[in-house]
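Overview (structure and organization)
The primary structure of each chain is shown beneath.
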Amino acid sequence: MNGWRDALLSDNPGSRRDARLGQVYRGWLQFRRNRLALLGLTIVLALVVIAAFAPWIATHSPDEQNLAQRLLPPGAPGHWLGTDEFGRDVFSRLVHGARITLYIVVLVALIAAPIGLIVGTAAGYLGGLVDAALMRITDVFLAFPSLILALAFVAALGPGIENAVIAIALTSWPPYARIARAETLTIRNSDYIAVARMQGARTGRILFRHVMPLCVSSLTVRVTLDMAGIILTAAGLGFLGLGAQPPMAEWGAMVSAGRRYVLDQWWVATIPGVAIFVVSLAFNLLGDGLRDVLDPRQKK
Amino acid sequence: MLRQAPSFLLQVALTLLGLLAVTFFIGRVVPIDPVLAVVGDQAPKDVYEAARRELGLDEPLLAQFWIYIQKMVAGDFGQSLVTNRPVMQDIARVFPATLELATIATLIGVLVGVPMGVAGAVWQDRWPDQIVRVVGLVGYSMPIFWLGIIGLLLFYGMLGWVNGPGRLGVFFEDVVPVVTGVILIDAAIAGEWEVLRNAVGHAVLPSAVLGYFSVAYIARMTRSFMLEQMNQEYVIAARAKGVSEARIVWVHALRNVAVPLVTVIALSYARLLEGAVLTETVFAWPGLGRYLTTALLAADMNAVLGATLVVGVVFVGINLLSDLLYRVLDPRAR
């Protein structure tokens, strides 16, 4: 057998780094057995590749209009997914739309997860009044359905993709805070925290260096599972005309624009919808697979 | 239960206060000057100042919030710029339409979702279970507005089985007097069967689309609750006693599932209010969701915040109700 595999699976890792790598490898072996999760991972990776190389993959510019060739059906020469109401190539717009989708999802995750992590760990570790106050605020945000609250924020901030990101992030942190708090409550009385405290570590150091790293894995799972929801909310905002503004090739906005022609030119509205569906399905499958590996307690 | 009432009520009051704080805050950070919205941008300085004072905008922030709370509690959400009527009146007019949609969808969710979830648990990992899984996965990944458009394309455009967007055909508008605001009930009260049939034809598709998401959620939760119960010792005991499998499933296990299921159904009902925003836009359904999006696009902040607040309060109310039901139904929680 090959040496590196044995080294990774060895019961006596040589160093801390070897042990970590071995753990990751075991997780991967377990993840690999879940075919659907692998499919999800493949689609998500494909999305990343498409987004990265969009200008080279697309056959046309996403904004290039050609009114002589508007509403061509799929399979038309040069436009294998057809064209929209301005004669723009649907395939090229779809490819460029991958960038916008990824941009929104990554940005929302990067804003919402740290907010939730800080609020949750602070509430759980400090307890008392801080806990009560922070959790009350969390509950208030949970009391609004997230799309409605996002709509209200967008109304205040004005339509646009950056404001949509901010609005979605502002509505999606409360569940992360809840999870981080629950994890912190189980961690906070462990011996190693007590040791760190006795050695004179400040509260901030304990939170950032000793508590937060342990919350990361369950939070990762939750964020991955939420990505599908983020994509759907962003597409919904785009559909309502409050997210990405025209002529941006955002999938939800594309569905909305194609809606007027749906009875005669079905492809303009349906094809971007398929893209939204496939990508959020992929994130759901990936999230389920990750949950089984990283967070076996939640396994159903 | 009565002993917990004060702290329970305090929590609800705090949450409602929080809702008001959030909408107040959103109303304050709007770049649109609320004074200009009232007097127009041609107004002379003294008129502007007078309007500003009248709106209470010269008071300190906390005093403004206090004024805001008093107004909201009294049900005074201000005028709508679009309809030129009090927002409260508008909401009272459109809300029954949303309620109608969400109620039918929840009924579909319960009637289809619960048996489906039970079947998934009883035949675990066999084909009924796979169906529950697929339905759930698709439900969590499908953009609801897209499903609505596909539904319209297929059942209205191509097959012609259902009526198109809207709540009633043009010929049937204003035929029946408004009693409850729910058109299906009003038509039945008036005995206008022609109108009722038309209304049903309009309601079928949007409520089925919403209902699908309800089915996905309820079936998935029912399945996992049932699986938990079927591994309990009392089920083994019942089997050993020779109780029939059907009786074990539908009487013994389902009865224990019923309590958490009430919470799930209430949550799904509340979530449908959210799905209604997109569904109503697709189907031109004159409910709260469409009122909200129309107001949004017209930058009609009084209407937006009023509708948001109403949805928030209904959300809290439904959660409260399910919590109370839980306590009443489950003897252990008493």
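Residues numbered from 1 in each chain as written. Chains lettered and ligands numbered in written order. Predicted model: local features only at pLDDT ≥ 70, side-chain atom pairs only at ≥ 80, totals over all residues.

Things to note about the overall build of chain B
Applicable threshold: Helix and strand definitions follow DSSP, with helices as H or I runs of at least four residues and strands as E runs of at least two, each counted in order from the N terminus. With C-beta atoms placed from the backbone, a contact is any residue pair whose C-beta atoms sit within 7 Å.
For chain B, the count of helices and strands is 13 helices and 0 strands. The order of helices and strands in chain B, counted from the N terminus, is α-α-α-α-α-α-α-α-α-α-α-α-α. Viewed in the frame of its principal axes, chain B has a C-alpha envelope of about 85 × 55 × 40 Å. In chain B, of all internal contacts separated by at least 6 residues, the share reaching a separation of at least 24 is 72%.

Examining the overall build of chain A
The criterion, for reference: Field definition: a residue is buried when 20 or more other C-beta atoms are found within 10 Å of its C-beta, exposed when 12 or fewer are, and partly exposed for counts in between, with C-beta atoms placed from the backbone.
A count of helical and extended segments in chain A gives 12 helices and 0 strands. Secondary structure elements in chain A, listed N-terminal to C-terminal, are α-α-α-α-α-α-α-α-α-α-α-α. Counting only C-alpha atoms, chain A reaches 75 × 60 × 30 Å along its principal axes. A total of 300 residues make up chain A; the buried ones form 44% of that total. The long-range fraction of contacts in chain A, counting pairs at least 24 apart against all pairs at least 6 apart in sequence, stands at 68%.

Considering the nonpolar core
Here is the rule we go by: Residues enter a nonpolar core if they are buried, belong to Ala, Val, Leu, Ile, Met, Phe, Trp, Tyr or Cys, and are joined to the set through C-beta atoms within 7 Å.
If you look at the biggest cluster of nonpolar residues, it comprises 165 residues, and the most contacted ones within it are Leu151, Ala164 and Ile231 of chain A together with Val304 and Ala307 of chain B. Other than its neighbours up to four places away in sequence, Ile231 of chain A contacts Thr101, Val105, Ile276, Val279, Ser280 and Phe283 of chain A.

Observations concerning unusual backbone geometry
All names here are of chain B. Backbone geometry places Asp125, a non-glycine residue, at a positive phi of 65°. Here Asp125 shows up in the loop between α5 (87-122) and α6 (127-141). Even without glycine at this site, Ala284 takes up a positive phi of about 50°. Mapped onto the fold, Ala284 is located in the loop between α11 (245-283) and α12 (288-297). Taking the C-beta count within 10 Å as the criterion, Ala284 has 13 such neighbours and is therefore assigned partly exposed.

Topic: helix α9 (residues 193-230) of chain B
Definition in use: Multiply 1.5 Å by the residue count of a helix minus one, and that product is the helix's expected span. To get the bend at any residue, fit one axis to the seven residues that end at it and another to the seven that begin at it, then take the angle between the two axes.
With 38 residues, α9 of chain B extends only 46 Å from end C-alpha to end C-alpha; this falls clearly short of the ideal 56 Å at 1.5 Å per step. For α9 of chain B, the principal kink sits at Ala203 of chain B and spans about 30°; a proline, Pro206 of chain B, occurs within the next four residues.

Considering the packing of α9 of chain B against α11 of chain B
Residue and element names in this part refer to chain B. Rule in force here: A fitted line through C-alpha atoms represents every axis, and for helices the fit uses only the stretch in contact; the resulting angles, taken between N-to-C directions, go from 0 to 180 degrees. Oblique is the label for any angle not covered by the other classes, which are roughly parallel (under 35 degrees), roughly antiparallel (over 145) and roughly perpendicular (65 to 115). Note on convention: near helix rotated counterclockwise from far helix by under a right angle means a left-handed crossing. Clockwise means right-handed. Residues were grouped as follows: Ala, Val, Leu, Ile, Met, Phe, Trp, Tyr, Cys and Pro as nonpolar; Asp, Glu, Lys and Arg as charged; and all remaining residues, including Gly, as polar.
Where α9 contacts α11, the two axes come as close as 8 Å, and the packing angle between them is 155°. When the axes of α9 and α11 are compared, the pair comes out roughly antiparallel. Between α9 and α11 the crossing geometry is right-handed. Here the residues of the contact of α9 with α11 are counted per class, giving 19 nonpolar, 7 polar and no charged.

Details of the interface of chain B and chain A
On the chain A side, the residues contacting the 40 residues of chain B number 37 residues. With 8 residues, helix α13 (residues 301-329) of chain B is the single largest residue contributor to the side of chain B that touches chain A.

A few points about the packing of α5 of chain B against α6 of chain B
Residues and elements named next belong to chain B. One can describe the packing of α5 onto α6 by two numbers: an axis separation of 7 Å at closest approach and a directional angle of 130°. One element, α5, and the other, α6, form an angle in the oblique class. For the pair α5 and α6, the sense of crossing is left-handed. On α6, the residues that touch Met116, Gly117, Ala119 and Gly120 of α5 are Pro128, Asp129 and Val132. Classifying every residue of the contact of α5 with α6 gives 4 nonpolar, 2 polar and 1 charged.

Quick word on the confidence of the model for chain B
Residue and element names in this part refer to chain B. Note the threshold: Per-residue confidence from the predictor is reported as pLDDT, a score between 0 and 100.
Put simply, chain B has an average pLDDT of 83, and 93% of its residues get 70 or more. At the level of individual helices and strands, chain B shows its lowest average pLDDT in helix α2 (residues 34-39), which scores 67, and its highest in α5, which scores 90. The complex model carries a pTM of 0.86, and its ipTM stands at 0.83.

Remarks on the environment of Ser92 of chain A
Residues and elements named next belong to chain A. Tracing the backbone shows Ser92 in helix α5 (residues 90-126). Using a count of 23 C-beta atoms within 10 Å as the deciding quantity, one classes Ser92 as buried. Taking the C-alpha atoms as reference, Ser92 lies 31 Å from Gly289; in sequence the two are 197 residues apart. The residues contacting Ser92, other than those within four sequence positions of it, are Ala58, Thr59, His60, Ser61 and Pro62.

A closer look at the environment of Ile318 of chain B
All names here are of chain B. Its place among the elements puts Ile318 in helix α13. Counting along the chain gives 51 residues from Ile318 to Leu267, while the straight-line C-alpha distance between them is 7.5 Å. With near-sequence residues (within four places) excluded, Ile318 lies in contact with Ala266, Tyr269 and Ala270.

Re the environment of Trp80 of chain A
All names here are of chain A. For Trp80, the location among the structural elements is in the loop between α4 (54-57) and α5. Note on Trp80: 12 C-beta atoms within 10 Å, which makes it exposed. Separated by 10 residues in the primary sequence, Trp80 and Val90 place their C-alpha atoms 8.4 Å from one another. Residues in contact with Trp80, not counting those within four places in the same chain, are Pro74, Gly75 and Phe91.

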